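# Commentary on secondary and tertiary structure
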Amino acid sequence: RGWGSPGSGGFWNFWDLGLPQVLEAFEQAEREPKPPPHLLFSDVYLEMPPRLRRQREELQRHLETYGEHYPLQHFQK
């Protein structure tokens, strides 16, 4: 109910408020190279806790072993 036509509210209200521009911004951002995976761990704590260091090392080993199964070419080096 309320999704069927412009001016009825619901979805069309979002459309009228700029949804096409938001979707275009998402599409443009998705074309950009993604940040390197190691940044998942570096922007959170002033000093990285041991558990995060271990997780970062595990991720690095995992990507070294199985990296061909991930779209790493879409990430910055």
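Shown above is the structure to which this text applies.
Parameters at a glance
Residues numbered from 1 in each chain as written. Predicted model: local features only at pLDDT ≥ 70, side-chain atom pairs only at ≥ 80, totals over all residues. Heavy atoms only, no water. Helix = DSSP H or I, 4+ residues; strand = E, 2+ residues; numbered from the N terminus. Buried < 20%, exposed > 50% of the residue type's maximum accessible area, 1.4 Å probe, protein only. Contact = heavy atoms within 4.5 Å. Areas by Shrake-Rupley, 256 points an atom, 1.4 Å probe, with all protein chains shown as cover. Salt bridge = Lys/Arg side-chain N within 4 Å of Asp/Glu carboxyl O.

What the chain contains, in helices and strands, is four helices and zero strands. Listing the helices and strands of the chain from first to last along the sequence gives α-α-α-α. Burial status across the chain gives 10% buried among its 77 residues. Taking contacts inside the chain between residues at least 6 apart in sequence as the whole, the part at least 24 apart equals 31%. Here the chain has roughly 6800 Å² of accessible surface; of this, 57% comes from carbon and sulfur atoms.

Moving on, we get to the pattern of salt bridges. Taken as a whole and judged by the stated rule, the model has one salt bridge. In this structure, arginine 31 and glutamate 24 form a salt bridge, with 3.5 Å as the shortest nitrogen-oxygen distance. Its relative accessible area of 58% is what places arginine 31 among the exposed residues.

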